[in-house]
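What follows is the residue order along each chain.
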Amino acid sequence: MIRIRPDHLPTLRRFRRALEEWGYARACARLTDPEPAHMARHLARECASMERPPELAQENWTLVALFFLGQEQVRAEVELVLDPGLLEDLARVGLVDLAGGTVRSDRYMIVLLEDLPFIVSRLRHARTEEGSVAVYFGLDTVALVERTRAWDGVGSVLDLGCGGGIAGILAAIEGRARRVGGTDLSPEAVEVARANAAMYGVEYHCRHGDLYRPVAGERFDRILADPPAIPVPHQIGLAIHGTGGPTGDALVRRVVEGAVRHLEPGGELYAVTEVYSSSEDHALFPWLEGFARSETGRHVRVEFLGSRLLPEDYFLDLGRNLRYLPDWDPALEALAPGERVERHARSLGIRFGHLIGIQLRLLAGRPSTFEAVQTEAFARNGPEIHLDPGASQETCR
Ligand SMILES: C[S@@+](CC[C@H](N)C(=O)[O-])C[C@H]1O[C@@H](n2cnc3c(N)ncnc32)[C@H](O)[C@@H]1O
């Protein structure tokens, strides 16, 4: 596991520059075209065994095979494209393992957002390890990043449950936020967020702990959150980036409640979450409305980012846990997980897996109101990634 010490900071900066010079973004884009590389992360497990296309030289394949696909590489070949001293340093950071003349990056992968590399967990770590504390990255991360686009030199940002810290760090890199930091219950996420910030020389104050607890008494201009949202009873083990309590919205309610104590006047919380229900009947919505009405002088706006049925492969691992949902039909156990999820959803008459955004704005002196706005930003099905190049083209689903 990555553990960041002050002497690791120059290593991570050198690593990011080396990836840029090598053309990591371009190499990943060749694999994932026509979708952007960030869409491919949840498919990396299926693609892991992809072979180097014959028309691609080894030196144009090594780093993408190692850091994107997670394939073990011959150390001598990696050293042709990455300085041997840097490689040793990356092993000390915990990003790669060096053993028996090979290099592996099993635990982490390097994803791209805006063509910029960030460290996150490999999906097999994120989803299949019970009680895993792995570092999340998903389409909801991208939704969070999209939300920061309109910022123009925001003062202070708290990335709550920051995972790899990508949304805040990217906003700082691009000059849209001046002070960024985060909290996370996962010690590994805290370390990785620090590592990601170090890659770009961004100061990122990341603290370990439960939601707002590490920032007691502090206020921020913006709070970002992408809390776990899978409905699972407490006794069921699931990675902490996923568990949203029995109804899935336990964390998001705490995020919204706490924001009032941690936003500067005029500040905004933006939370993205999933609801496993139709957008009209989930208990979260009347709860939000009640919250808005009870908070005098506050304005709560709920923005639905359209209803997007998440891709089937998203549910392959998730499917195991869905039998704990209300009204689960045990006969569905016999079906394949993806099919099981869809049938269950259909039998309940729900459009499954809505990704929604919640925006809470603190406006002193205004009467409370509650608004629901429907946008089409996510109104499309999940990605279908085509692996290129040329003859070896393969659809990875
Ligand atoms: C779905 S992930 C989102 C990560 C990141 N914000 C992103 O968008 O990629 C949820 C994150 O919340 C963290 N988390 C879960 N429960 C938490 C809690 N009680 N307090 C703080 N963080 C928590 C998880 O470790 C995970 O990193």
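Here the structure is a predicted model, which is why all the values come from computation and not from measurement. (Residues numbered from 1 in each chain as written. Predicted model: local features only at pLDDT ≥ 70, side-chain atom pairs only at ≥ 80, totals over all residues.)

Looking at the overall build of the chain
The secondary structure content of the chain amounts to 14 helices and 15 strands. Within the chain, the proportion of its 397 residues that are buried is 45%. Look at the contacts in the chain between residues 6 or more apart in sequence, and 68% of them connect residues 24 or more apart. (Helix = DSSP H or I, 4+ residues; strand = E, 2+ residues; numbered from the N terminus. Buried ≥ 20, exposed ≤ 12 C-beta atoms within 10 Å, placed from the backbone. Contact = placed C-beta atoms within 7 Å.)

A look at the confidence of the model for the chain
Close inspection of predicted coordinates is inappropriate for parts of the model with low pLDDT. Summary statistics for the chain give a mean pLDDT of 77 and a share of 64% for residues scoring 70 or more. Predicted confidence for residues 126–131 stays below pLDDT 50, and this span has 12 contacts to residues more than four positions away or in other chains. Of the regions scoring below 50 in pLDDT, residues 311–317 engages in 17 contacts with residues more than four places distant in sequence or in other chains. (pLDDT = per-residue confidence, 0-100.)

As for the sheet that holds strand β1 (residues 73–74)
With antiparallel pairing, the 3 strands of this open sheet are ordered in space as β1-β3-β2. Each of the sheet's edge strands pairs with one partner strand only, and the pair in question is β1 and β2 (97–99). Where β2 and strand β3 (residues 102–104) come together, 3 bridges link them in antiparallel fashion. Residue pairing for β3: Asp97 is matched across the bridge by Arg104. (Pairing = 2+ DSSP bridges.)

Thoughts on the pairing of strand β4 (residues 108–113)
β4 sits mainly inside the fold: 5 of its 6 residues count as buried. Both β4 and strand β5 (residues 116–121) contribute to a ladder of 6 bridges, which runs antiparallel. In the strand pairing of β5, Met109 is matched with Val120. Linking β4 back to β5 in an antiparallel pair, the connection comprises 2 residues, with Glu114 at a positive phi of about 60°.

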